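Close look at the chain arrangement
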Amino acid sequence: MIQKLGEKFTDVFQKNMPDAFVFALMLTLITSLVAIFWVDASPLEIIESWYSGFWNLLEFGMQMVLLIVTGYSIALSPVVKKAIDKLTHFIKTPTKVYFFVILIGVTLSMISWGWIVIAAVLARELALRVEGIHYPYLIACVYFSNNSWVTGLSSSIPLLLNTENNYLIEAGILSHTIPTTDTLGSSLNIAMVLLYLVVTPLLMIVLIPKKDLKELNQLMETQDSIDQVSIKEEAERYKMSTRSLSDLLNNSKLLQWSIGLIGFCYIVYHFGTRGFDLNLNIMIFSFIMIGLLLHVTPMRYGISMKRASSNVSGILFQFPFYAGIMGIMTGTGLGEQLANSMASLATVQTYPVFSYLLGGIVNFAIPSGGGEFAVIGPSVMEATNQIVSNVEGVDLIEAHARAALSVAYGESLTNLLQPFYLLLVLPVMGAGIKIQARDVMGYLVIPFILYFIIQIALITWVPF
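What you see is a predicted model; the values in this text were computed from it and never measured.

**Comments concerning the environment of Leu 338**
Counting through the fold element by element, Leu 338 comes out in helix 19 (residues 334–345). C-alpha of Leu 338 to C-alpha of Ser 379: the two residues are 41 residues apart in sequence and 9.3 Å apart in space. Sequence-distant contacts of Leu 338, that is, excluding residues within four places in its chain, are made with Trp 38, Leu 358, Ile 361 and Val 362.

Structure below.
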């Protein structure tokens, strides 16, 4: 029965959900209309806020592009391909592929949300080698597994709360930092970790579609997509018929490995002096250096990057529109008004639930944990102060941590209905095939409903 229900949701999404870019355009108009009728923003104020925000994700967008192409480039190396070939000796059935990919995706995302690219690459390569895999569903599995990032080391809101002199402290809303032991190390967060590690793989196995199998090889647009020559062979074709200095440099192992080793010296220095500071920049830098060493020569690495870059157009032109929506939410005061309105309804028993709902709703307009909290966080934390400050037996630090985590969990879960971060997975898994967000998102409706119920229960009743 649950599989049939999942199939119905999938049909609904395929028939009614527009392309991710259309989704962004519609959301821009909806946000603008809400700003006009709720906070009395003028059309000119909205347009100015939209334009100002339009450029706020340029750095983030470029980081996303580099994260995808550098990670994918590593996967195109002969060493990784051989390793995946060996892996298929142990993972021979579709069910094992789903389970293994989800478990890897959940684990990697807990280290850093950007590492979902590795899971996406692995999933695609396994789908090329194992028969009987429903490929759109496998993409949904990878995307769902990325939700665990909110419980892990790159969870932006807990990291912000532990930052000295953060904007909440400077505004006088918090008196001091909240250590990650009280957020990421809390019983509540550990319960969420177990939810993703244990329940997610089992749930997605139960929901595996039983009909309309769509394998990766069948979805390839051309046979050339499957029978593409190797990177080494393509590099050989660029060589001149006679010896030349340009060919010597283009195919120099010494040149490339020298740069790679210099890069690894900095990586060792970075982690040696800063600890486990796994930000996007050092992650991308590491991917580039690994790619240099694995592809051996500049020509081969350039070819791998060209192939890896063939499907990133969605990020390049869609991110500015989402940044514009964030600009409207911030510039018109709409985000703050929404937070204040919901916070005014909360009580000491319900403030985690209202924080959770607020995080989920605002995520549609501001699909960034840190960016969203910058807009609604001050209102949520101030409301928490007012609600629990005079309640006997309630620890204020614990209340702040629970409210902040609730916002984070709500924000992360509604990514299952919001295709923004699917743009991180589709460039890798959708290369060479015709696939859109509508082909994937329907498989995530039942997981969203079940996790919504479970997470509401956890944030309400699990003690710290």
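**Concerning the environment of Gly 377**
Here Gly 377 shows up in helix 21 (residues 369–388). Given a relative accessible area of 0%, Gly 377 falls into the buried group. For Gly 377 and Gly 324, which are 53 residues apart along the polypeptide, the C-alpha to C-alpha distance reads 20 Å. Ignoring anything within four residues of it in the chain, the contact list for Gly 377 reads Leu 168 and Glu 372.

**Description of the pattern of salt bridges**
Counting across every chain of the model gives 7 salt bridges. The salt bridge involving Arg 129 is made with Glu 125; its shortest N-O contact spans 2.7 Å. Taken together, the positions of Arg 129 and Glu 125, both in helix 7 (residues 116–129) and 4 residues apart, correspond to about one turn of that helix. Using a relative accessible area of 3% as the deciding quantity, one classes Glu 125 as buried. One network of salt bridges, in which partners are shared, links Lys 81, Asp 85, Glu 125 and Arg 129.

**Thoughts on the packing of helix 6 (residues 94–111) against helix 7**
Running from N to C, helix 6 and helix 7 cross one another at 165 degrees; their axes reach a closest spacing of 8 Å. The pairing of helix 6 with helix 7 is recorded here as roughly antiparallel in orientation. Between helix 6 and helix 7 lies a crossing of right-handed hand. Across from Val 97, Phe 100, Val 101, Ile 104, Gly 105, Leu 108 and Ser 109 in helix 6, the residues of helix 7 making contact are Ile 116, Ile 118, Ala 119, Leu 122, Ala 123 and Leu 126.

**Concerning the side chain of Ser 379**
Position of Ser 379 relative to the elements: it lies in helix 21. Polar contacts involving the side chain of Ser 379 include one to the side chain of Asn 340, which spans 3.0 Å. Excluding residues that lie within four positions of it along the chain, Ser 379 makes contacts with Glu 336, Ala 339, Asn 340 and Ala 343.

**Quick look at the packing of helix 21 against helix 22 (residues 396–413)**
Close contact between helix 21 and helix 22 brings their axes to 10 Å; oriented N to C, the two are set at 145 degrees. For the crossing formed where helix 21 meets helix 22, the hand is right-handed. Touching Gly 369, Glu 372, Phe 373, Ile 376, Val 380, Met 381, Thr 384, Asn 385 and Val 388 of helix 21 are Leu 396, Ala 399, His 400, Ala 403, Ala 404, Val 407 and Glu 411, all from helix 22. Here the residues of the contact of helix 21 with helix 22 are counted per class, giving 10 nonpolar, 4 polar and 2 charged.

**Re unusual backbone geometry**
What is expected of a backbone is that most residues other than glycine have negative phi and most peptide bonds are trans. Phi at Asp 40 is positive, roughly 55 degrees, even though this residue is not glycine. Mapping Asp 40 onto the fold places it in the loop between helix 2 (20–38) and helix 3 (43–53). A positive phi angle is found at Val 296, which is not glycine, with a value near 70 degrees. For Val 296, the location among the structural elements is in the loop between helix 16 (280–295) and helix 17 (298–308). On the basis of relative accessible area, Val 296 is assigned to the buried category, the value being 15%.

**Considering helix 15 (residues 253–274)**
Look at helix 15: 31 Å from first C-alpha to last across 22 residues, which is about the 32 Å you get at 1.5 Å a residue. Restricting attention to buried positions, one finds in helix 15 the residues Gln 256, Gly 260, Gly 263, Ile 267 and His 270. Along the axis of helix 15, the buried residues cluster in a sector spanning 70 degrees; they form a single face. Facing away from the buried side of helix 15, by more than 90 degrees, are the exposed residues Leu 254, Leu 261, Ile 262, Cys 265, Val 268, Tyr 269 and Gly 272. The inward-facing, buried residues of helix 15 abut helix 16 and helix 17. Between the side-chain oxygen at the start of helix 15 and the backbone nitrogen of Leu 255 there is a gap of 3.1 Å, and the oxygen is on Ser 252. Note on helix 15: the residue one or two positions beyond its end, Gly 275, has a positive phi of about 75 degrees.

**Focus: the side chain of Glu 125**
Among the polar contacts made by the side chain of Glu 125, one reaches the side chain of Lys 81 at a distance of 3.5 Å. In this structure, Glu 125 is in contact with Lys 81 and Ile 84, ignoring residues within four places of it in sequence.

So, how was this worked out
Residues numbered from 1 in each chain as written. Predicted model: local features only at pLDDT ≥ 70, side-chain atom pairs only at ≥ 80, totals over all residues. Heavy atoms only, no water. Helix = DSSP H or I, 4+ residues; strand = E, 2+ residues; numbered from the N terminus. Contact = heavy atoms within 4.5 Å. Buried < 20%, exposed > 50% of the residue type's maximum accessible area, 1.4 Å probe, protein only. Salt bridge = Lys/Arg side-chain N within 4 Å of Asp/Glu carboxyl O. Axes fitted to C-alpha atoms, helices over the stretch in contact; angles between N-to-C directions. Parallel < 35°, antiparallel > 145°, perpendicular 65-115°, else oblique. Left-handed = near helix turned anticlockwise from the far one by under 90°. Polar contact = N/O pair within 3.5 Å; in protein donor to acceptor, adjacent residues only side chain to side chain. Nonpolar A, V, L, I, M, F, W, Y, C, P; charged D, E, K, R; others polar. Expected span 1.5 Å × (residues − 1). Arc of directions from axis to C-beta.

Bear in mind that shape data such as this cannot, by itself, settle questions of function.
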